[in-house]
Amino acid sequence: MIDENLHYKIKYRDMTTATGDAQKRFQGLDLLKSLAMFFVITYHSECGAYVQYGLGLYPHSIPLLASYCLLGIMSTCVPLFFLINGALLFNRQFQLLRHLRRIATAIVLTIVWSVITQLALIVVGTTGPLSLIDIVRNTISLKNGVNNHLWFMFALIVLYCFFPLLKLAYDHSTPVFTTFLAIAAISTFGVTLFQNIVDVAQAAFTGNADKQCLIDPFGDFNPLRGLYGWSFVYFMLGGLIASPNHRKRLHSTKCRKLALGTLLLSTLVYFLFNLMFLYRGTALTDIVFGGYSNCWVLLMTCSLYILLEPVNIPKGVSGIIAFIGRNTLGLYFIHWIVIAAMHALGFSISPQFGYTIVPYLIAGLLIMLIGMCICWLIRRIPFANRLITP
């Protein structure tokens, strides 16, 4: 969400100056960011809970099953942002002092927006009274339903702290870089794959899947336990995918056809896996957030990047996509408050509009539009614009 808005705003300051492949690449990245931000906003509008509840009432409804499948695709939202961050960071010249300033800026923005968010929620009445101590405590340890959406910033700051070492390996020792990537993948996606196999075996041999496997076969030997370790994998893969050596190859027709097939297959398998819990046991409470460390979501994310990164957007739409791309940081912070305000005003989609995902997609567009207008206004206020354009 914050991606290059935080550390490469110069690169996007004037999109009209880019030409040729560079212009096309900017457009592709902005399109990916816009799609990811739309998924995030729609997801935060609680579409997942209502779609899943609707399937509990009407388990064979085709529109609801299609909605559930699309909900699985939305699990690529945050992974796309980590992937884009890696694509940009690893393929630019590294300057330590500038990078340290970026870390400091990210920390300050997280603290400031945590306070702003909590004060805003108090004003609109969606949370109870909070003392100064409560606000400080919630900033240090995020509170669910209040400011827990800021977990992304915490994960990103961790990646920033490790980035100088990762960049050193990326530039000067590919075997070291790929070895750590493999360790990170096994420690996160490998663990999830093991758990998925146990879940499928349980459903096959017992006829039910009422309890999801949470066993980590590595236990305390897992080097990335307690972290959003899967974020390292997306982040580092982004650097590899966008490297000059791989980028031309990935833009080939053959590779993009393979990416399309992989996207369709991984979407189907992830949908069927989640459906297994829905029909044979207890439905997974959150297939979006819970899918970030899933191998099939990893394949979906990389496939979407390969398919959309080289896209050339028509002129009539490119300006809107570029604006969203430049304001994903602001939209990320602001949309949470907009959703809270809408709830305070009594705006509720379900069950008045049914349980399919369509009304939530419309609501997501509306929330994004409101957020874009607020970003446009903030950008024109001196000093305040630093809150969304650091």
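Calculation notes
- Residues numbered from 1 in each chain as written.
- Predicted model: local features only at pLDDT ≥ 70, side-chain atom pairs only at ≥ 80, totals over all residues.
- Heavy atoms only, no water.
- Helix = DSSP H or I, 4+ residues; strand = E, 2+ residues; numbered from the N terminus.
- Buried < 20%, exposed > 50% of the residue type's maximum accessible area, 1.4 Å probe, protein only.
- Polar contact = N/O pair within 3.5 Å; in protein donor to acceptor, adjacent residues only side chain to side chain.
- Phe/Tyr/Trp six-rings, centres within 6.5 Å; stacked < 30°, edge-to-face > 60°.
- Disulfide = S-S within 2.5 Å.
- Core = buried A, V, L, I, M, F, W, Y, C linked by side-chain atoms within 4.5 Å.
- Contact = heavy atoms within 4.5 Å.
- Salt bridge = Lys/Arg side-chain N within 4 Å of Asp/Glu carboxyl O.
- Expected span 1.5 Å × (residues − 1).
- Arc of directions from axis to C-beta.
- pLDDT = per-residue confidence, 0-100.
- Axes fitted to C-alpha atoms, helices over the stretch in contact; angles between N-to-C directions.
- Parallel < 35°, antiparallel > 145°, perpendicular 65-115°, else oblique.
- Left-handed = near helix turned anticlockwise from the far one by under 90°.
- Nonpolar A, V, L, I, M, F, W, Y, C, P; charged D, E, K, R; others polar.

*Asks:* Explanation requested: the side chain of Gln27 in the structure shown.
*Replies:* As for its placement among the helices and strands, Gln27 is situated in helix α2 (residues 20–44). Taking the relative accessible area as the measure of exposure, Gln27 reaches 9% and is therefore buried. Here the side chain of Gln27 touches Ile313 through a polar contact of 2.9 Å, landing on its backbone nitrogen.

*Asks:* Help me understand the packing of aromatic side chains, please; the structure alone is not making it clear to me.
*Replies:* The relative placement of two aromatic rings is captured by the distance of their centres and the angle of their planes. Enumeration according to the criterion identifies 30 aromatic pairs in this entry. Residues Phe81 and Phe152 carry aromatic rings whose centres are separated by 6.3 Å and whose planes lie at 65° to one another, so their mutual orientation is edge-to-face. With Phe81 in helix α5 (residues 77–89) and Phe152 in helix α8 (residues 151–172), the pair connects residues that are 71 residues apart, well separated along the chain. Judged by relative accessible area, Phe81 falls into the buried class, the value being 0%.

*Asks:* Would you mind going over unusual backbone geometry with me for this structure?
*Replies:* Most peptide bonds adopt trans geometry, and most residues besides glycine take a negative phi value. Not every positive phi belongs to a glycine, and Glu46 is a case in point at roughly 70°. Structurally, the position occupied by Glu46 is in the loop between α2 and α3 (47–57). With a phi close to 70°, Phe383 is a non-glycine residue in the positive phi region. In this fold, Phe383 is placed in the segment after α16 (358–378).

*Asks:* For this particular structure, what's the right way to read the state of the cysteines?
*Replies:* Formally, a disulfide is one covalent bond, and it connects the sulfur atom of one cysteine to the sulfur atom of another. A full pass over the atoms with the stated rule returns zero disulfides. This cysteine, Cys213, is not joined by any disulfide, and Cys295 carries the nearest cysteine sulfur, 14 Å off. Residue classification places Cys213 among the buried positions, given a relative accessible area of 7%. Cys302 carries a free sulfur, and the closest cysteine sulfur to it, the one in Cys255, is 11 Å from it.

*Asks:* So what exactly am I meant to see when it comes to the nonpolar core here?
*Replies:* Among soluble globular proteins, nonpolar side chains are generally buried collectively. Residues Tyr68, Val78, Phe82, Phe152 and Tyr305 are the most contacted members of the largest nonpolar core, which totals 103 residues. A per-element tally of this core places α8 first, with twelve residues. Apart from the residues lying within four places of it in its own chain, the contact partners of Phe82 are Phe152, Ala155, Leu156, Leu159, Trp230, Ser231, Tyr234 and Phe235. Grouped together as the second largest cluster of nonpolar side chains are five residues, Ala203, Phe273, Met276 and Phe277 included.

*Asks:* Would you explain the pattern of salt bridges in this entry?
*Replies:* Pairs can form between side chains of opposite charge once their charged atoms are near each other. For the coordinates displayed, the defined rule picks out four salt bridges. Taking the shortest distance from any N to any O, the salt bridge between Asp30 and Lys33 comes out at 3.8 Å. Taken together, the residues Asp30 and Lys33, both in helix α2 and three residues apart, mark about one turn of the helix. Just as Asp30 is buried, Lys33 falls in that class too. Two residues, Asp171 and Lys167, come together in a salt bridge whose shortest N-O distance is 3.2 Å. Here Asp171 pairs with Lys167, and both are found in helix α8, just four residues apart, close to one helical turn.

*Asks:* Teacher, can you tell me more about helix α4 (residues 62–73) here?
*Replies:* Along an α-helix, residues three or four positions apart point the same way, because every turn accommodates 3.6 residues. With twelve residues, α4 should cover 16 Å at 1.5 Å per step; its first-to-last C-alpha distance of 17 Å lies within 8% of that length. Buried within α4 are the following residues: Leu64, Leu65, Ser67, Tyr68, Leu71 and Gly72. For α4, the arc enclosing every buried residue in end-on projection is 155°, short of the 170-degree limit, so these residues lie on one face. Close packing links the buried residues of α4 with α3, α12 (253–280) and α13 (295–308).

*Asks:* Even after reading the chapter, I still don't get the confidence of the model for the protein chain, so can you show me in this structure?
*Replies:* Detailed reading of the predicted coordinates is not advisable wherever pLDDT falls low. Across the protein chain, pLDDT averages 89, with 92% of residues at or above 70. In the predicted structure, residues 6–22 sits below a pLDDT of 50 and forms 36 contacts with residues beyond four places in sequence or in another chain.

*Asks:* What am I meant to see in the side chain of Gln195 here?
*Replies:* Checked against the element boundaries, Gln195 lands in helix α9 (residues 174–206). A distance of 2.9 Å separates the side chain of Gln195 from the backbone oxygen of Ile215, its partner in a polar contact. The contacts of Gln195, once residues within four sequence positions are left out, are Cys213, Leu214, Ile215 and Asp216.

*Asks:* Can you help me understand the packing of α8 against helix α10 (residues 230–241) in this one?
*Replies:* A pair of packed helices is captured by two measures, namely the crossing angle of their axes and the spacing between those axes. At a minimum axis distance of 10 Å, the contact between α8 and α10 shows a crossing angle of 50°. With respect to α10, the axis of α8 lies oblique. For the pair α8 and α10, the crossing hand works out as right-handed. On α10, the residues that touch Trp151, Val158, Leu159, Phe162, Phe163, Leu166 and Tyr170 of α8 are Trp230, Ser231, Phe232, Phe235, Met236, Gly239 and Leu240. Residues belonging to the contact of α8 with α10 are distributed by class as follows: twelve nonpolar, two polar and no charged.

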